[in-house]
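Observations on chain architecture
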Amino acid sequence: MGDSSLFEIKKVIIPVAGLGTRFLPLSLVVSKEFFPLVDKPIIQYVIEEVKNSGIKEIVFVVSPKQKMLMSYLKKSPELEKLLIKRKKDKQLAELKSFEMLFEGLDISFVTQKQPLGDGHAILQASKLVTNEAMAVSFGDDVIDSPIPALEQLINIFKTTNAPVMALKSLPKEVIGAYGNVAVEKISSNLYKIKKIIEKPSPDQIQSNLVIVGKYVLTPEVFNYLKKAKPSEKGEIILGEVFDAMLNDGMPLYGYEVKGEWLECGDKLKWLKSFMYLALKDPVFGEDLKKYLKSIK
Ligand code: UTP
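Formed by 56 residues in total, the largest nonpolar core has its most connected members in I14, I43, I47, F60 and Y72. Counting residues in each nonpolar core, the second largest holds 34 residues, with V61, A121, A125 and M134 among its members.

Near the ligand, the surroundings consist of 19 residues, among which A17, G20, T21, E33 and Q112 are the closest. At 2.8 Å from an oxygen atom of the ligand is found a main-chain nitrogen or oxygen belonging to P15. Judged by its atoms lying within 2 Å of the grid points, the ligand is housed in the largest pocket. Considering only residue class, the shell around the ligand consists of 8 nonpolar, 6 polar and 5 charged.

Now for helix α1 (residues 42–52). The element α1 is largely enclosed, with a buried count of 8 among its 11 residues. Listed in full, the buried residues belonging to α1 are I42, I43, Q44, Y45, V46, I47, E49 and V50. Note on α1: the residue one or two positions beyond its end, G54, has a positive phi of about 85°.

A few words now on empty space enclosed by the protein. Counted by the stated rule, this structure contains 1 cavity of 30 Å³ or more. In terms of lining, the largest cavity is formed by G18, L19, G20, S27, V30, S31, K32 and E33.

Another aspect to go through is a nonpolar patch on the surface. A cluster of nonpolar side chains, contributed by V283, F284, L288, Y291, L292 and I295, occupies part of the molecular surface with about 550 Å² of accessible area. By secondary structure assignment, the location of L292 is in helix α10 (residues 285–294). Of the residues examined, L292 reaches a relative accessible area of 37% and is grouped as partly exposed.

Enumeration according to the criterion identifies 13 salt bridges in this entry. Among the ionic pairs, E132 bridges to K11, the shortest N-O distance being 2.9 Å. Of this pair, E132 sits in the loop between α5 (118–124) and β6 (134–137) while K11 sits in strand β1 (residues 11–15), and the two are 121 residues apart along the sequence. A single burial state applies to E132 and to K11, both of which are buried. For D144, the salt bridge is made with K280, and the minimal N-O distance between the two is 2.5 Å. Residue D144 is located in strand β7 (residues 141–144), and its partner K280 is located in helix α9 (residues 267–280); the two are separated by 136 residues in the primary sequence. The exposure class of D144 is partly exposed, given its relative accessible area of 24%. Where salt bridges share partners, they join K11, E57 and E132 into one cluster.

Basis of the calculations
Residues numbered from 1 in each chain as written. Predicted model: local features only at pLDDT ≥ 70, side-chain atom pairs only at ≥ 80, totals over all residues. Heavy atoms only, no water. Core = buried A, V, L, I, M, F, W, Y, C linked by side-chain atoms within 4.5 Å. Buried < 20%, exposed > 50% of the residue type's maximum accessible area, 1.4 Å probe, protein only. Near = heavy atom within 4 Å. Polar contact = N/O pair within 3.5 Å; in protein donor to acceptor, adjacent residues only side chain to side chain. 1 Å grid on protein atoms, 1.4 Å probe; cavity = no way out; pocket = protein on both sides within 12 Å on 5 of 7 lines; lining within 4 Å. Sits in = over half its atoms within 2 Å of the grid points. Nonpolar A, V, L, I, M, F, W, Y, C, P; charged D, E, K, R; others polar. Helix = DSSP H or I, 4+ residues; strand = E, 2+ residues; numbered from the N terminus. Points joined across faces, edges and corners; volume = space filled by probe spheres on them. Patch = residues over 30% accessible without salt bridge, like charges linked within 9 Å, V, L, I, M, F, W, Y side chains within 5 Å. Areas by Shrake-Rupley, 256 points an atom, 1.4 Å probe, with all protein chains shown as cover. Salt bridge = Lys/Arg side-chain N within 4 Å of Asp/Glu carboxyl O.

Take a look at the structure:
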């Protein structure tokens, strides 16, 4: 094995076990990762990004109730037969191209018995990811970019060999709802992280950069997650353990990823992301723009 294998990222952890309470009542029946963005569930964009970044193994962290993901990943031979019999060629082609997405991907599952936070969810995957750096992507964060966001982070990791998190720049007025970072600029989009403040009050804001739910992490993160104390709400939050890592002198980097950040964490963000992609869609975009102009 050459040195380059040290930096190879083979696995991604994708937590999808959250409650999605900001989407009630819909999230009672559909977990938010399965909400549509145009004609695909959010999670499909995340899986496509993983695959296009060259990652071969996915570890999903699921809740005990998560049945949808299993049926989504299962092949549909009966439906395929029916489509052939009914000569529905277009739908058959669509089904086949969808099933191709999972070819060459090795998918496994771990259960998070209780929704005790995104950090707690990631910790559950530690038994399947030992002693190697890994990618992490939340199940509801999409970046629309010709170079997949995880690939951008992996390329940076090859130069830092230390954890790197995706960053985006946002207007000051909204930063209070995010994990905000104090940084030292290294090069055009790359920063050394100095401090992280979750949901800062206006006087605590450090920069216009916030953390996006995509990372390349090293296995030390699991030790910190194990030791982490739950927040006031009883959750172990990934963003909060980074501070402990910084306090121990560990280097952490942030990379302002290129691409449009399509957030799907609450109703308005999801609707905007849906609209963004719908209006850009090669099939529906033009008609939808005309329709939008026509409605009062
Ligand atoms: P969020 O904090 O956005 O999701 O988690 P949530 O807790 O489901 O949402 P609200 O606040 O109740 O509306 C980011 C990612 O982490 C996963 C979510 O499924 C999402 O992909 N997550 C969160 C878990 O897997 N387990 C948890 O306990 C919390």
